[in-house]
Amino acid sequence: MAAESGPVLLAQHPGTELDRQARRLVAQDLHDAANQREQPVLLTGSGLLSDNPRRMALFVQLQSASLCGSAGCSTSVYLPDGHKWTLVLDSVSGPITITPQVHDNMHDLLVDETDRWIWNGTTYIDTQAAPEPAPTGQ
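Before going into details, it helps to say that this report is about the structure given with it.

Rules of the game
Residues numbered from 1 in each chain as written. Predicted model: local features only at pLDDT ≥ 70, side-chain atom pairs only at ≥ 80, totals over all residues. Heavy atoms only, no water. Pairing = 2+ DSSP bridges. Helix = DSSP H or I, 4+ residues; strand = E, 2+ residues; numbered from the N terminus. Axes fitted to C-alpha atoms, helices over the stretch in contact; angles between N-to-C directions. Buried < 20%, exposed > 50% of the residue type's maximum accessible area, 1.4 Å probe, protein only. Polar contact = N/O pair within 3.5 Å; in protein donor to acceptor, adjacent residues only side chain to side chain. Contact = heavy atoms within 4.5 Å. 1 Å grid on protein atoms, 1.4 Å probe; cavity = no way out; pocket = protein on both sides within 12 Å on 5 of 7 lines; lining within 4 Å. Points joined across faces, edges and corners; volume = space filled by probe spheres on them. Nonpolar A, V, L, I, M, F, W, Y, C, P; charged D, E, K, R; others polar.

Moving on, we come to the sheet that holds strand S2 (residues 41–48). One open sheet holds the four strands; their spatial order is S2-S3-S4-S5, and the pairing between them is antiparallel. Each edge of the sheet is formed by a strand with only one pairing partner; in this case those strands are S2 and strand S5 (84–93). Pairwise comparison of adjacent strand axes, ignoring direction, gives a mean angle of 25 degrees for this sheet. Pairing geometry for strand S4 (residues 74–81) and S5, over seven bridges, is antiparallel.

Another aspect to go through is the side chain of Thr-99. Along the chain, Thr-99 falls in strand S6 (residues 96–103). Classification of Thr-99 as buried rests on a relative accessible area of 4%. Within polar-contact distance, the side chain of Thr-99 engages the side chain of Gln-101 at 3.2 Å. Here Arg-116 takes part through its side chain, which lies 3.4 Å from a polar atom of the side chain of Thr-99. Beyond its immediate sequence surroundings of up to four residues, Thr-99 is in contact with Ser-5, His-107, Asp-108, Leu-109, Leu-110 and Arg-116.

Of the pockets and cavities examined, the largest pocket occupies roughly 150 Å³. As for the largest pocket, its lining consists of Val-26, Asp-29, Val-60, Gln-61, Leu-62, Leu-67, Ser-74, Ser-76, Tyr-78, Asp-90 and Ser-91. For the lining of the largest pocket, the elements supplying multiple residues, two or more each, are strand S3 (56–63), S4 and S5. Per-class residue counts for the lining of the largest pocket are five nonpolar, four polar and two charged.

What follows deals with the side chain of Asp-108. Within the secondary structure, Asp-108 sits in strand S7 (residues 106–111). Note on Asp-108: relative accessible area 1%, which makes it buried. Polar contacts involving the side chain of Asp-108 include one to the side chain of His-103, which spans 2.7 Å. Within the structure, Asp-108 has its side chain in polar contact with the side chain of Arg-116 (distance 3.2 Å). Aside from chain neighbours lying at most four places away, what touches Asp-108 is Thr-97, Ile-98, Thr-99, Gln-101, Val-102, His-103, Arg-116, Trp-117, Ile-118 and Tyr-124.

Read from one edge to the other, the open sheet built from five strands follows the order S1-S6-S7-S8-S9, with strand pairing classed as antiparallel. Strands at the two margins of the open sheet, each flanked by one partner only, are strand S1 (6–7) and strand S9 (124–126). Inspection of the sheet shows S1 paired to S6 by two bridges, in the antiparallel sense. Bridged to Gly-6 within S6 is Ile-98.

Set out below in structure tokens:
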């Protein structure tokens, strides 16, 4: 099974194994929202990030008034690691596309059409360098 590039489609999948796993991963956020009398919408998606079928990523997004800001709702990406999930990209806003480009045998992810994230062997890192701090006058 080869990885395919393209947009990650997020949708509600109630009652599925992916939905059950996602709810476990975001249990604290769901609990916090319930304390604010909110019932967030849980969206999930999956995508193969390498040619290894064990690298099927789980994309998770919660939508509610308290969890989504001016940049929209954030999505987190998890990879299976034995019998647990490991967070490999945390809280990015905007649509995610799996690109054909590869770093360390994992496909790059493009967030909001302009922000490229690459695999460093452990997690996804942003390729947009942070601006240098302005020099302070002495």
